[in-house]
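What the coordinates show
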Amino acid sequence: PNEQPPPSTIPHRYRPAMRPEAPFLSWCTAQGIASPLQLQGIGTSYRYLASPNDQPEGRILEVPLDACIVDSTKEALAERLAHERSIGSKSKYGPYLDVLPDLESFSNFPRFWTPKRRDFVFDYDGGEVERRVATDERKELDPWAYACVSSRANFLNDYR
């Protein structure tokens, strides 16, 4: 009746056909990451969601700093993320990397738009998107890693 649907089993094109959230959840437990929320697949991506009948109070996510990939700038963080991805299953963060979206999932970012779509928007926005793309595009960085870093909350207060 009021049961949550099972997490998506649609395999990600770069992931094995098994449900990638299982290794990720085991990795989270091993790293000391805790949340009262449930990880659910939505298309080819994942979100932590509260069930309608069980709204959590207090902290919704605890992540020890040593379970995070950290660096001083977005660019340096993108380089670290690309490196961790390049070493694959040998990376301490492998299960986390496996649940990140693929590059195609970022097609809504203006820097990844087709030339036709860019031209259409550029004709009507007074050049605003073109200016943002010019300042946002980092051709020297791995496009996937920079898109991941740019699309997430990656900033911590210095409360060490």
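Each value, and the rule that gives it
Residues numbered from 1 in each chain as written. Predicted model: local features only at pLDDT ≥ 70, side-chain atom pairs only at ≥ 80, totals over all residues. Heavy atoms only, no water. Helix = DSSP H or I, 4+ residues; strand = E, 2+ residues; numbered from the N terminus. Contact = heavy atoms within 4.5 Å. Areas by Shrake-Rupley, 256 points an atom, 1.4 Å probe, with all protein chains shown as cover. Buried < 20%, exposed > 50% of the residue type's maximum accessible area, 1.4 Å probe, protein only. Polar contact = N/O pair within 3.5 Å; in protein donor to acceptor, adjacent residues only side chain to side chain. Core = buried A, V, L, I, M, F, W, Y, C linked by side-chain atoms within 4.5 Å. Patch = residues over 30% accessible without salt bridge, like charges linked within 9 Å, V, L, I, M, F, W, Y side chains within 5 Å. Salt bridge = Lys/Arg side-chain N within 4 Å of Asp/Glu carboxyl O. pLDDT = per-residue confidence, 0-100. Phe/Tyr/Trp six-rings, centres within 6.5 Å; stacked < 30°, edge-to-face > 60°. Lys NZ or Arg CZ within 6 Å of the ring centre and 35° of its normal.

Each helix and strand counted, the chain has six helices and two strands in total. Starting at the N terminus, the α and β elements of the chain follow one another as α-β-β-α-α-α-α-α. Counted over contacts in the chain with a minimum sequence separation of 6, partners at least 24 positions apart contribute 63%. Summing over all exposed atoms, the chain offers an accessible surface of approximately 11,000 Å²; the carbon and sulfur share of this is 52%.

A word on helix 6 (residues 143–150). Every α-helical turn comprises 3.6 residues, leaving residues that sit three or four positions apart pointing alike. With respect to burial, helix 6 is a largely interior element, six of its eight residues being buried. By the burial criterion, the buried members of helix 6 are Trp144, Ala145, Tyr146, Ala147, Cys148 and Val149. Here helix 6 starts with a cap whose side-chain oxygen sits 2.9 Å from the backbone nitrogen of tryptophan 144, and that cap is aspartate 142.

Turning to the nonpolar core, a few remarks are in order. Of all hydrophobic cores here, the largest spans 24 residues; its most connected members are Leu81 and Trp144. Only helix 1 (21–31), helix 2 (74–86) and helix 6 provide two or more residues apiece to this core. Ranked by the residues each element gives to this core, the list is headed by helix 6, at six residues. When sequence neighbours within four positions are dropped, the list of residues in contact with leucine 81 reads Ile69, Leu97, Leu100, Trp144, Ala145, Cys148 and Val149.

It is worth spelling out the environment of leucine 77 at this point. Looking at the secondary structure, you find leucine 77 in helix 2. Spatially, the C-alpha atom of leucine 77 lies 10.0 Å from that of serine 150, the residues being 73 residues apart in sequence.

The next subject is the environment of isoleucine 60. Assignment of secondary structure puts isoleucine 60 in the loop between strand 2 (45–49) and helix 2. Discounting residues that sit within four places of it in the chain, isoleucine 60 has contacts with Ala34, Ser35, Pro36 and Leu37.

The next subject is a nonpolar patch on the surface. A contiguous nonpolar surface patch, about 250 Å² in accessible area, is contributed by Ile60, Leu61 and Val63. The partly exposed category is assigned to isoleucine 60, whose relative accessible area is 45%.

This next bit is on the confidence of the model for the chain. Confidence along the chain averages 77 in pLDDT terms, with 74% of residues attaining 70 or more. Contacts of residues 1–18 to residues separated by more than four positions or lying in other chains number 36 contacts, the stretch itself having pLDDT below 50.

A separate point is the environment of valine 129. Along the chain, valine 129 turns up in helix 5 (residues 128–136). The spacing of valine 129 and arginine 111 is 18 residues in sequence and 9.1 Å in space, taken between C-alpha atoms. Sequence-distant contacts of valine 129, defined by excluding residues within four places in its chain, comprise Pro110, Trp113, Val121 and Phe122.

Turning our eyes to something else, we now look at the side chain of glutamine 31. Position of glutamine 31 relative to the elements: it lies in helix 1. Among residues more than four places away in sequence, those in contact with glutamine 31 are Pro64, Ala67 and Lys92.

Tallied over the entire structure, the rule returns seven aromatic pairs. Ring geometry for phenylalanine 24 against tryptophan 27: centres 6.0 Å apart, planes inclined by 25 degrees, an arrangement best described as stacked. Taken together, the residues phenylalanine 24 and tryptophan 27, both in helix 1 and three residues apart, mark about one turn of the helix. Just as phenylalanine 24 is buried, tryptophan 27 falls in that class too. An aromatic cluster is defined as three or more aromatic residues linked by ring pairs; in this entry it consists of Phe24, Trp27, Tyr93 and Tyr96. We note arginine 85 situated over the ring of tryptophan 144; from NZ or CZ to the ring centre the distance is 4.1 Å.

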